[in-house]
Amino acid sequence: MSDSLLSRTVDRRALLRTGMLGALGLAAAPALAACGGGSAPGGSGSGGSVSWAAWANPGEGERYKKFAAELSKKINAKVSFQAVVGDYEAKLLSQLAGGAAPDAFYVGDGQMAKFIASKQVADLSDYLSGGESPVKLDEFPEGLYQWCKAADGTGLYGLPVDCNPSVLWFNKDVLASAGVSSDPAQLFDGGAWDFGAFTDALDKVRGSGKKGLILSNWWFNWAWAVTAFGGKLQDESGKIVFADDPKAQEGLAWLLEQFKSGNITYAGSLPKGQSGDALFLAGQLAFNNVGRWALPTLKSVKFGYDIAPLPSPTGKDIMPVPVATAAIALNAKAKNREKALELIGNYVSKEGQQFRLSGGGNAVASVKGLDGLATEGGVPAHGKLFNDVVAKGFAMPNAFVSNAKTATELPTLVDKLFKNPSTTAASFSEAVTKLVNG
Amino acid sequence: MSLDTQIRASADAVPVQPRRKVSRRHRKDAIAALVFLSPQLVGLIVFMIGPLVFALYLAFSHWDGFGAATFAGLSNFTELFENPRIQRSAINTVWFTVLQVPGVMITAFLFALFMQKAGKMTNVYRLGFVAPVVTSSVAVATIWLYLFNPEISPINSALRSVGIPAPNWLQDPAFIIPSFAVVAIWQGLGYQLVMFMAGLQSIGASYLEAAELDGCSAWQKLWHVTVPLISPTILFLSITSIIGSFQVFDYIYVFMDSSAPDEARTIVYEIVQMAFREFNFGAASALAFLLFLVLLGVTGLQMAAQKRWVHYAE
Amino acid sequence: MSTLTRNIARSQETRTRRRPVRPGKIILHLALAACAALMALPFLWMMFSSFKPLDEIFRQPPTFLPEAWTTGGYETAFAGADFVRGFWNSTYIAVTVTVVSLLTSTMAAYAFARIDFRGSKHLFMVFLATMMIPAQLTIIPLYIIMGWLGWIDTPLSLIMPASLFSAFGVFLMRQYIKGIPRELEEAAELDGASRFRVFTTMILPLLRTPLTALGIFTFLGQWNNFFGPLIFLNSDANFTLPLLVNQFKGQYGADWTSLMSATTLVAAPLLIIFAVAQRQIVDGIALSGSKS
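For chain C, the name recorded in an unreviewed UniProt entry is Multiple sugar transport system permease protein, with Arthrobacter cupressi as its organism. As recorded by UniProt, the Subcellular location (unreviewed entry) comment attached to chain C reads in full: "Cell membrane". Under the UniProt heading Sequence similarities (unreviewed entry), the entry covering chain C gives this text: "Belongs to the binding-protein-dependent transport system permease family."

As recorded in an unreviewed UniProt entry, chain A goes by Multiple sugar transport system substrate-binding protein and comes from Arthrobacter cupressi. Regarding chain A, the relevant UniProt record gives this comment under Subcellular location (unreviewed entry): "Cell envelope". Database annotation for chain A, UniProt heading Sequence similarities (unreviewed entry): "Belongs to the bacterial solute-binding protein 1 family."

A. Molecular detail of the interface of chain A and chain C. Taken together, the 47 residues of chain A in the interface contact 45 residues of chain C. Counting across the chain A and chain C interface gives 2 salt bridges. Here C:Asp236 and A:Lys65 are joined by a salt bridge, their closest N and O atoms 2.7 Å apart. Run the count over chain A and chain C and you get 8 residue pairs in polar contact (both at pLDDT 80 or more). Mapped onto the side of chain A that touches chain C, the elements with two or more residues apiece are helix H1 (2–36), helix H2 (60–75), strand E2 (78–84), helix H3 (88–97) and helix H11 (277–281) of chain A.

B. Representation of the pattern of salt bridges within the structure. Tallied over the full model, the rule gives 22 salt bridges over all chains. Between A:Glu89 and B:Arg277 there is a salt bridge; the shortest N-O distance is 3.6 Å. Here A:Glu89 is found in helix H3, whereas its partner B:Arg277 is found in helix H12 (residues 267–277) on a different chain. On the basis of relative accessibility, which here comes to 19%, the residue A:Glu89 falls in the buried class. Notably, a salt bridge pairs A:Lys419 with A:Asp415, separated by 3.1 Å at the nearest N-O pair. You can see A:Lys419 and its partner A:Asp415 sitting in helix H17 (residues 404–419), 4 residues apart, about one turn around the helix.

C. Representation of helix H8 (residues 195–207) of chain A. With 13 residues, H8(A) ought to run about 18 Å at 1.5 Å a step, and its terminal C-alpha atoms sit 18 Å apart, in line with that. Once H8(A) finishes, A:Gly209 follows within two positions and takes phi at roughly 90 degrees, a positive value.

D. Just the sheet that holds strand E8 (residues 264–266) of chain A, in detail. Residues and elements named next belong to chain A. With mixed pairing, the 5 strands of this open sheet are ordered in space as E8-E7-E9-E6-E10. One side of each edge strand has no neighbouring strand; the edge strands of this open sheet are E8 and strand E10 (305–308). The sheet shows a mean angle of 25 degrees between the axes of neighbouring strands, direction not considered. As paired strands, strand E6 (residues 167–171) and strand E9 (residues 285–290) are joined by 4 bridges and run antiparallel to one another. Across the sheet, residue Val 167 finds its bridge partner in E9, namely Val 290. Where H8 meets the sheet, it contacts E6, strand E7 (211–215), E8 and E9, and its direction lies at approximately 115 degrees from that of E7.

E. Representation of the interface of chain C and chain B. The partner chain B presents 105 residues to the 111 residues of chain C that form the contact. In this assembly, chain C packs against chain B so that about 9400 Å² is buried in total across both faces, 74% of it on carbon and sulfur atoms. Remark: the boundary between chain C and chain B carries 1 salt bridge. Among the salt bridges present, the one from B:Asp29 reaches C:Arg195, with a minimum N-O distance of 2.8 Å. Applying the counting rule to chain C against chain B returns 12 residue pairs in polar contact (both at pLDDT 80 or more). When residues of the side of chain C that touches chain B are assigned to their parent elements, the largest contribution, 13 residues, is made by helix H2 (residues 23–49) of chain C.

F. Here's a closer look at the UniProt feature "transmembrane region" (unreviewed entry) in chain C. All names here are of chain C. As recorded in UniProt, the sites labelled "transmembrane region" (unreviewed entry) are residues 26–48, 92–112, 124–146, 158–177 and 257–277. End C-alpha to end C-alpha, residues 124–146 measures 26 Å, and it is 61% helix and 0% strand. Each end of residues 257–277 is marked by a C-alpha atom, and these two atoms are 30 Å apart; helix forms 100% of the span and strand 0%.

G. Representation of the nonpolar core. Core analysis: the largest hydrophobic core is formed by 354 residues, its most contacted members being A:Trp52, A:Tyr106, A:Trp169, A:Trp222, A:Phe287 and B:Phe180. Here the element with the most residues in this core is helix H8 (residues 173–203) of chain B; it accounts for 17 residues.

H. The packing of aromatic side chains, seen in detail. Counted under the stated rule, the structure contains 78 aromatic pairs over all chains. With a centroid separation of 5.7 Å and 85 degrees between ring planes, the pair formed by B:Trp169 and B:Phe175 is classed as edge-to-face. A relative accessible area of 15% means that B:Trp169 is categorised as buried. Directly above the aromatic system of A:Phe355 lies the positively charged group of A:Arg63, at a separation of 5.0 Å from the ring centroid. Sitting above the plane of the B:Tyr312 ring, C:Lys178 keeps its charged end 4.6 Å from the centroid.

I. Geometry of the environment of A:Val290. Residue and element names in this part refer to chain A. The residue Val 290 is located in strand E9 in this model. By relative accessible area, which is 2% here, Val 290 ends up buried. As a C-alpha pair, Val 290 and Leu 215 span 75 residues in sequence and 9.6 Å in three-dimensional space. Ignoring any residue separated from it by four or fewer positions in sequence, one finds Val 290 in contact with Pro 165, Ser 166, Val 167, Trp 169, Phe 220 and Asp 277.

The rules we used
- Residues numbered from 1 in each chain as written.
- Chains lettered and ligands numbered in written order.
- Predicted model: local features only at pLDDT ≥ 70, side-chain atom pairs only at ≥ 80, totals over all residues.
- Heavy atoms only, no water.
- UniProt positions renumbered as here; feature names shortened; annotations may be inferred.
- Contact = heavy atoms within 4.5 Å.
- Salt bridge = Lys/Arg side-chain N within 4 Å of Asp/Glu carboxyl O.
- Polar contact = N/O pair within 3.5 Å; in protein donor to acceptor, adjacent residues only side chain to side chain.
- Helix = DSSP H or I, 4+ residues; strand = E, 2+ residues; numbered from the N terminus.
- Buried < 20%, exposed > 50% of the residue type's maximum accessible area, 1.4 Å probe, protein only.
- Expected span 1.5 Å × (residues − 1).
- Pairing = 2+ DSSP bridges.
- Axes fitted to C-alpha atoms, helices over the stretch in contact; angles between N-to-C directions.
- Buried area = accessible area lost by both parts, 1.4 Å probe.
- Core = buried A, V, L, I, M, F, W, Y, C linked by side-chain atoms within 4.5 Å.
- Phe/Tyr/Trp six-rings, centres within 6.5 Å; stacked < 30°, edge-to-face > 60°.
- Lys NZ or Arg CZ within 6 Å of the ring centre and 35° of its normal.

Next up, the structure:
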């Protein structure tokens, strides 16, 4: 009995030891190998190392890595890029809480206000106005960076990395077979692209049995209805004022009417940019209200396509419409603040954007003077309109994202309003104003 | 019918330990248990307890993800109870669970029974059932967004062709949660099927054929032999799938992103929204704590009730 | 000897008798084949779409088999991400976790199922309770712990928690061990066999079927794990396959052909592994008393 007891103990210990050592050994091997392999950052460059994190679209990741290599030479520091390929907020918050966030990172429009208020990101104004910066604030269209300011309108906590204006992509074949004789881009060139012409085209498409336009609850898809008729969305102080603007009401009434008639389909809450994509690619949809990001996938379709701006009352103007954008911000606790600022400056400078955006074709530059990017390759034929729309456009209104709660509630509210058949322009405006102005 | 009592009787015939060995045996047992448990205990202590205590602490704090947390008393909980959306999300979550858990368990059990009889072809069929488990969430989302799109869905055209009005799956409030449940059943079936088949496999044909020789009908065999013998598997699957089902979140995110309408939201969706989109970790943790209490209650009831119906061999 | 064991003995003698093919069998096979095909349809669609040009993926009405086969999606997928590296990272993590966690969770399950120690029930409830808090909420403290351990951006951050803790695995194996009749072990223990011997020579062999099932699903879970790698891994040299796949899905649009190709590349090995491993489940020996 005592014999077996002894052997039992030995057995147990041996088992435990083997198990644990085995587990640790197996697990530790490649980690050690990786350290020895020299993939660890921080080696080259006297300026130490600096990193930035971003979500990246297909093709951008490769481009960003090349950019990191170029920038390493230029700012004399080891620059590395962290691609976040999923839930960006969860990752960034974990990193910030763990004190392991990169020196610079992208911030989406819904998060900026909170990051500024909780001092996670640092003010860039001094750097921008100093002599070192390769980019100046006046190179950016004014409408693009208002949301990067603090609640009281001071400071600048992020710089738009690039942008995507809300335009109408259209399928020439669908329009032609529906009997729309001249396409919207031609109409715009001829000064006849007004809402009457748009409604007419949508009517005809509906008559032909295909879909005209599909919209979601994202502000990018509906806020133009407020402004494209000449209405005012917000006043100088950033307050939402469209409830009292007759032209804004006219635009919203037009949009709701199109929903009712079936000219425009409301698609509900869907992943960003997915509302009409599949149908547009399938050649079942006449118009798709997206940004330039649609271009890479469209390059291989067989139907003819082009872009037009959203219509205007005169038929020849470009109206202010939404521009989707994200900003790069400086981590307030950046380990290498000086190089991080250099990284940000060179990231959004003309030269940096030229490098990052050329060849990929999924965004428009956020600084003036890079018009060539949007017309690259000659597709779409009216690519230059991207630049014109950006110059007039506005990024996320501050009031929509002044606090994180509002930012998440707004699309939900809009969804509810668009689904309710009794919603009117007035009731829509009232409900939205109540939520965002508090 | 006495077959299951016979099984119990034969299992109960355990040799009885002499009494004086009991206390020594207890001590040795405690040591043995510790040794066998130790790797998992290390994992529990290092990776689980800390984060769980942290979440519990946050439930009674205000914390925005940055800086210091401040004591909040019960205000996170009152905030939740004043929020009508939470109630809706709770109803949605329960509704989803009610549809999904029995749906997937009954289907998987029946298929497992039928597959038992399919001989060599079982391997091929089972691959088909497991395919959804390995299909990436991107492909799942793409194909189901297509199947749920009333304009182009073949399901809807099929329904229309037989004169049934086709629903707008993801927009009609009455159909959103059932639609999610359908996808969840489709994706969860393969896993439960394999578990049930493993359970059935371990019963062995002998018991069933013995019952057959005793003159039992197919129904009696199922009810008095098969079900009692795989009851440990049933208990396991019902507990884990209720827990999983109460935590459903990814389908809503995949189909509707971060602005799902009230009719589509579930409790964990709210938790993630509150924590990572609204920076309200206190309320998120409080909600998680309430969910935890509910699940603990439900699981506790199942564990307590198991004595009545779960049959272990001992 | 009870009637049951006698009947079992008799049934074993008669087991070899042949049954004639009944029409019911044919219906059963047709129904199962139809259901299995229906279930697999999205997977097949994904696989065939990966060989279609973009405009065909979205064609209306849709095509099932590609009309114009192309490997363009695979070319761009391979050009855009280091799948060989990702394949190694994923395999290494999934294999390690599967092996170690099967061992640790079966050991713990044995303790819960067979050893009578104080607090057993309560500790078991603690294990179950850990499943009831959503993982998303505990990710921040877990991230901080990983930071302390210095495991951020290493495979250890994924391997260690999953290897050393699996309430799910412990629960499952406990259920199976409790289903094993106890007589054999009791006898062996009276003969002086240690618990370790009983565990390795008597319990583990009987658990081949459930261990295979648990192993398959542990492997699948690790292979498809997205949230953990997303949060803990930074450099793309360490990226696992799901992260690489998601690179083709952007903030707004996706590169559909590459995405379909990449997802197929990631999913196909799993089906092959499953096809091979499932033999274990089918051939798995019966656990019941019939072995005696």
